[in-house]
Each structure stands twice: as C-alpha cells, then as structure tokens.
Amino acid sequence: MKSNYLIILITLALSCKSPDSGLYEFDPRSFEENKFTLSEIGDEVAYIPLSNNIPLGPIYNIKFINNTIYFSSIDVGIMAFDRERNTLRKIGIVGRGPGEYLYDNNFTVDEKTETVYILDRGDVIKVYSRTGQFIRSFPLQEYGSIEAIESYNSKLFVSYAIQFENSRYKWIVFDTLGNEIKKKERDIPMFTANQGQREATYKFENRIFYWNNYADTVFSVFPDLTEEPSFIICPGEFRLPRTKLSMEQFFQNIKKYMTFKIILETTRFLVLDYFYNKPSLLLIDKQNKDYFLIYLVYDGTTDNLLNGIVNDLDEGPWFVPESYFTERGREYMLGLINPFQIKTCVTSNEFKNSTPKYPEKKQELEKLANSLKETDNPVLMTVRLKK
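Residues numbered from 1 in each chain as written. Predicted model: local features only at pLDDT ≥ 70, side-chain atom pairs only at ≥ 80, totals over all residues. Heavy atoms only, no water.

A look at the overall build of the protein chain
Put simply, the test is: Each helix corresponds to a stretch of at least 4 residues labelled H or I by DSSP, and each strand to a stretch of at least 2 residues labelled E; elements are numbered beginning at the N terminus. Each radius of gyration reported is based on C-alpha atoms, and the globular scaling rule is 2.2 Å times the count of residues to the power 0.38. Only protein chains enter the accessibility calculation, which uses a 1.4 Å probe; a residue is then buried when its area is under 20% of its type maximum, exposed when over 50%, and partly exposed in between. In what follows, residue pairs with any heavy atoms lying within 4.5 Å of each other are defined as contacts. Using the Shrake-Rupley algorithm and a 1.4 Å probe, accessible areas are obtained, with residue cover drawn only from the displayed protein chains. Positive charge is attributed to Lys and Arg, negative charge to Asp and Glu, and no charge count is given to His or to the chain ends. To locate a charge, take NZ of a lysine, CZ of an arginine, CG of an aspartate or CD of a glutamate.
Helix and strand counts for the protein chain come out as 5 helices and 25 strands. Taking 2.2 N^0.38 as the reference for a compact globule, 387 residues should give roughly 21 Å; the C-alpha atoms of the protein chain span a radius of gyration of 21 Å, in line with that estimate. Burial analysis of the protein chain (387 residues in total) assigns 55% to the buried set. Taking the intrachain contacts of the protein chain between residues at least 6 apart in sequence as the baseline, contacts between residues at least 24 apart amount to 52%. Here the protein chain has roughly 18,000 Å² of accessible surface; of this, 49% comes from carbon and sulfur atoms. Computing the positive centroid from 47 side-chain charges and the negative centroid from 52, the protein chain places the two 2 Å apart.

Digging into the environment of Arg268
Note the threshold: Under the rule applied, a polar contact is a pair of N or O atoms within 3.5 Å (in protein, one hydrogen donor and one hydrogen acceptor; residues adjacent in sequence only if both atoms are side-chain atoms).
If you trace the backbone, Arg268 turns up in the loop between strand E19 (259–265) and strand E20 (269–276). Look at Arg268 and you get partly exposed, because its relative accessible area is 34%. Along the backbone, Arg268 and Phe81 are 187 residues apart, and their C-alpha atoms lie at a distance of 29 Å. Those residues in contact with Arg268, other than ones at most four positions away along the chain, are Glu40, Ile41, Ile284, Asp285, Lys286 and Phe292. Polar contacts involving the side chain of Arg268 include one to the main-chain carbonyl oxygen of Glu40, which spans 3.4 Å. At 3.2 Å, the side chain of Arg268 forms a polar contact with the side chain of Asp285.

Observations regarding the packing of aromatic side chains
Keep this limit in mind: Aromatic rings from Phe, Tyr and Trp, with only the six-membered ring used for Trp, were paired whenever their centres fell within 6.5 Å, and each pair was classed as stacked if the ring planes differed by under 30 degrees, edge-to-face if by over 60, and tilted otherwise. When the NZ atom of lysine or the CZ atom of arginine is within 6 Å of a ring's centre and also within 35 degrees of its normal, the charge is said to sit over that ring.
Under the definition given, this model contains 21 aromatic pairs. On the basis of an interplanar angle of 25° and a centroid distance of 5.8 Å, the ring pair of Phe26 and Phe31 is categorised as stacked. In terms of burial, Phe26 and Phe31 fall into one category: buried. Centroid distance Phe26 to Phe260: 5.6 Å. Interplanar angle 40°. Geometry classified as tilted. With a gap of 234 residues between them, Phe26 in strand E1 (residues 25–26) and Phe260 in strand E19 connect regions that are remote in the sequence. For the pair shown, Phe26 and Phe260 are each scored as buried. Between the NZ or CZ atom of Lys63 and the centre of the ring of Phe107, over which it lies, the distance is 5.9 Å.

A closer look at the nonpolar core
Note the threshold: The term nonpolar core refers to a set of buried residues drawn from Ala, Val, Leu, Ile, Met, Phe, Trp, Tyr and Cys, joined through side-chain atoms within 4.5 Å.
If you look at the biggest cluster of nonpolar residues, it comprises 33 residues, and the most contacted ones within it are Leu38, Ile41, Leu283, Ile309 and Ile342. Top contributing element to this core by residue count: strand E25 (residues 379–385), with 4 residues. Excluding its chain neighbours within four sequence positions, the residues that come into contact with Ile41 are Phe36, Arg268, Phe269, Leu283, Phe292, Ile309, Met333, Arg384, Leu385 and Lys386. Listed in part, the 26 residues of the second largest apolar core include Ile233, Met258, Leu282 and Tyr324.

Considerations on helix H5 (residues 359–371)
In an α-helix, one turn spans 3.6 residues, which is why side chains three or four residues apart end up on the same side. Filter applied, for reference: By definition here, a helix of n residues has an expected span of 1.5 Å times n minus one. The directions considered for the arc run from the helix axis to the C-beta atoms.
Helix length check: H5 (13 residues) gives 19 Å between terminal C-alpha atoms against 18 Å at 1.5 Å per residue, within 8%. For H5, the complete set of buried residues consists of Lys361, Lys362, Leu365, Leu368 and Ala369. The arc enclosing the buried residues of H5, seen along the axis, measures out at 120°, which places them on a common side. Exposed side of H5, more than 90 degrees from the buried face: Gln363, Lys367, Asn370 and Ser371 are the residues found there. Its buried side turned inward, H5 meets strand E2 (42–49), helix H3 (339–346) and helix H4 (349–352).

Focus: the packing of H3 against H5
The condition is simple: To obtain each axis, a line is fitted to C-alpha atoms, and for helices this fit is confined to the stretch in contact; angles are then taken between N-to-C directions over 0 to 180 degrees. For classification, angles of less than 35 degrees are called roughly parallel, those exceeding 145 degrees roughly antiparallel, those between 65 and 115 degrees roughly perpendicular, and all remaining angles oblique. Crossing handedness is defined as follows: a turn of the near helix away from the far one that is anticlockwise and smaller than a right angle gives a left-handed crossing, while the clockwise case is right-handed. In this classification, the charged set is Asp, Glu, Lys and Arg, the nonpolar set is Ala, Val, Leu, Ile, Met, Phe, Trp, Tyr, Cys and Pro, and all remaining amino acids, among them Gly, are polar.
It is the contact of H3 with H5, at a shortest axis distance of 9 Å, that shows an interaxial angle of 125°. Classified by the angle their axes make, H3 and H5 are oblique. In the packing of H3 onto H5, the handedness of the crossing is left-handed. For the pair H3 and H5, contact is made by Ile342, Lys343 and Val346 and by Leu365, Glu366, Leu368, Ala369 and Asn370, respectively. Broken down by class, the residue content of the contact of H3 with H5 amounts to 5 nonpolar, 1 polar and 2 charged.

A short note on the pairing of strand E11 (residues 146–152)
The following threshold applies: A strand pair is defined by DSSP finding two or more bridges across the two strands.
Here E11 lies mainly inside the structure; 7 of its 7 residues are buried. Note that E11 and strand E12 (residues 155–160) share 6 bridges and pair antiparallel. Bridge pairing in E12 places Ala148 opposite Ser159. In sequence, E11 turns back onto E12 through a hairpin of 2 residues, with Asn153 there showing a positive phi of about 50°.

So, the environment of Pro229
With respect to the helices and strands, Pro229 occurs in strand E18 (residues 227–233). Residue classification places Pro229 among the partly exposed residues on the basis of a relative accessible area of 36%. Residues Pro229 and Tyr210, 19 residues apart in the sequence, show an inter-C-alpha distance of 9.9 Å. Those residues in contact with Pro229 that lie beyond four places of it in its chain are Leu23, Thr217, Val218 and Phe219.

Side note on the sheet that holds strand E21 (residues 278–285)
In space, the 4 strands of this open sheet follow the order E19-E20-E21-E22, with antiparallel pairing throughout. Whereas interior strands pair on both sides, the edge strands pair on one side only; in this sheet they are E19 and strand E22 (291–295). Adjacent strand axes in the sheet meet at a mean angle of 15° when their direction is disregarded. Where E21 and E22 come together, 5 bridges link them in antiparallel fashion.

Description of the side chain of Ser151
Examined against the element boundaries, Ser151 turns out to sit in strand E11. A relative accessible area of 3% places Ser151 in the buried class. Setting aside chain neighbours within four positions, we find Ser151 in contact with Thr108, Val109, Asp110, Glu111 and Lys203.

These values are about where atoms sit, not about what they do.
Now the structure itself:
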C-alpha cells in the first residue's frame with residue numbers, strides 16, 4: 001500500500017477489534033480513498049454476453065448456479081441464462097394471475113435442484129421449477145416482514161426485517177413446503193423504522209450470512225443451523241436511527257447515515273458496497289486488515305456507474321463486483337457492463353495506446369466489442385481472483 005496511508009492502516013488495525021468479543025469491527029470513518037487496479041486482486045478477466053432473444057431491463061441479484069446464471073430484470077422478471085446454449089428463459093410470469101408474481105428482486109435458487117423461490121408481495125413465497133413452471137406458493141406473513149430469502153442446503157432461510165415491530169424473529173428456516181424447521185428469536189428490542197433494503201444475505205464456505213442496516217452484528221449460520229457473530233458494525237451517529245422518519249427527514253440527513261448495498265466475502269477479502277457521505281466500494285484484507293477503497297460515481301440521469309476498479313488486465317471497462325461464485329476450485333467475482341460502455345472504451349485513444357497485463361486479452365476484447373450492438377443486452381464481466 002502507499003506509504004502515506006501507513007498511519008491510517010496502523011490505526012485501523014489497532015481499532016478494528018471489538019475489545020469485548022475480539023471480532024473485527026467495521027467503522028466507515030476509518031477509511032480514506034485508496035484506488036487500486038484489477039491485477040492487484042485478480043489474474044484473469046472474461047466477458048459473457050447475454051443473448052438477445054429476450055430484451056432485458058436493469059438487472060439485479062445475480063446468482064451463478066451450476067452452469068446457469070439467474071437474475072432479476074426489471075419489468076421482465078426472473079431470468080435464467082444457459083451458458084452452454086447461450087439462451088435466456090423466463091422463470092414464471094410477471095402478473096397478478098394465479099401462479100404469477102409482481103415482485104421479483106428478492107429470490108433464491110436451490111443449488112441442487114435449481115428450484116426457484118421468489119418473495120412476492122404480501123410475504124408470499126412463489127416456487128418454480130428450473131424450467132420456469134409454477135409449482136406452489138405458501139404465505140409467511142404471520143411471522144413478520146421478510147427482509148431476504150436464501151436457499152441453504154435445500155432448505156429456505158428467511159431473514160426478517162427487525163425494523164418493523166411485527167417481526168418477532170431474526171430468521172426462520174423452512175422446508176420446501178413451507179414447514180418450520182427452526183426459528184431464531186430476535187434479541188433486539190422492538191422498534192419501528194421505515195427504511196428497508198434490497199438484499200441482506202450472502203453465502204460463503206457452506207455458511208449463510210445475514211445482516212440488517214439497523215443491526216450491530218453480521219451473523220453466520222452453519223449447516224446445523226447454529227449461528228455465531230462474524231463481524232461487528234460499530235456504533236455512531238452514522239447509523240440509521242431506530243425510529244420512524246419521514247421521507248423528507250431521511251433524505252435531508254441521507255449523507256450522514258451509513259447503509260450497506262451489498263456485502264460479499266471471498267477467501268481473502270470482505271467486500272462492502274455501501275453509502276457513507278458518498279457511494280463506496282471497500283475491499284478489506286481479512287488477514288492483515290489492509291484495504292482498497294474507491295468512491296463510486298453515478299450518472300445522475302441514467303444511474304449508471306461512471307467508474308470502478310481500474311481494469312489493467314486487458315485495459316477494458318472498469319469493474320464493480322455484484323456477486324461471487326466458485327467454479328472448478330477457483331473464486332470469481334462478477335459484475336455487469338453495458339455494451340455501449342465496452343464499445344466506447346475500445347474506441348478510445350487511451351485503450352488504443354494502452355499496454356495491459358495480458359495483450360492477447362486486449363485483442364479478444366476488441367473482437368467482442370465489434371460483435372456487439374449498443375442496444376444489446378448487458379454483458380457479464382467475471383474476474384478470477386488470485387490464489
């Protein structure tokens with residue numbers, strides 16, 4: 001790391017442990033921007049164009065399951081991309097009729113059967129086969145407001161929104177028919193707030209992790225459904241208040257509050273995409289607590305990202321991770337890029353005059369750019385992490 005950050009790093013290393021538990025304690029005030037390049041974390045970059053047989057809207061919640069990529073596309077629904085056949089197929093139908101769903105951002109896929117579970121309006125779970133056929137539904141609203149769902153060892157892990165008083169549990173595990181297997185009572189006093197979140201779980205090394213922007217601890221759950229704290233989010237005025245705010249109050253103070261968008265974990269890094277004063281992408285080395293931090297910049301008109309991790313592997317588009325997966329014993333992070341961004345990058349003077357780590361990859365990217373239209377569906381960008 002750069003020498004001018006040495007004092008910050010030493011301070012962070014000394015202060016990031018909770019004196020009571022010995023756990024790592026995350027404090028967003030301890031970090032300053034420290035840009036880095038893709039070759040510092042990865043050794044290979046690849047691109048997977050999504051086929052154009054179905055036009056897609058903005059994409060969220062990407063899941064790599066076996067040889068299929070599942071994701072939610074606004075106004076289109078849950079999609080499955082078959083990498084071998086290069087085709088897209090729909091999972092179920094967006095609508096209000098029997099067997100249809102209105103909300104689709106919060107979904108999960110069983111890694112063995114590829115059964116798809118969708119959290120629909122009213123805390124109802126809709127279940128679909130891997131081919132997209134409706135199987136069943138079961139309501140879960142009697143337990144409280146659901147925050148996120150995740151398939152875990154062919155069971156359904158459901159975490160609850162503790163910011164609402166009707167949520168009596170932190171999580172409940174159900175079988176595939178909606179029958180209770182185990183419940184975890186909440187240990188945070190009841191309160192009511194009104195700011196939710198998009199996704200609040202992630203999986204790593206056969207454990208499931210869950211978090212909430214109002215909670216002080218990220219927990220991990222083991223296959224036997226016991227849990228333990230993973231890391232702590234330190235207290236401070238930057239935490240969301242456990243009280244109900246008007247939208248006007250919330251947006252007036254939005255810059256002083258810290259909220260997570262995505263939490264991922266790899267063997268080496270804890271990856272945090274969050275907002276505190278500005279959108280931030282932070283990678284913390286779990287071993288020595290060294291870190292990389294980039295302040296993300298969004299286009300105010302389209303909400304597209306205008307920067308990310310500098311891609312010096314092939315001098316292609318910047319990279320922002322949105323998901324994590326393993327394949328053939330190697331770890332990967334995955335992001336999204338629009339075709340017009342690839343084409344714009346390849347035609348720039350900076351790209352033409354650049355010397356990447358892997359010159360052959362630069363030629364492959366030029367070939368890809370020439371095959372794309374600006375209006376094509378997004379391209380998945382995968383980065384293989386260093387061992």
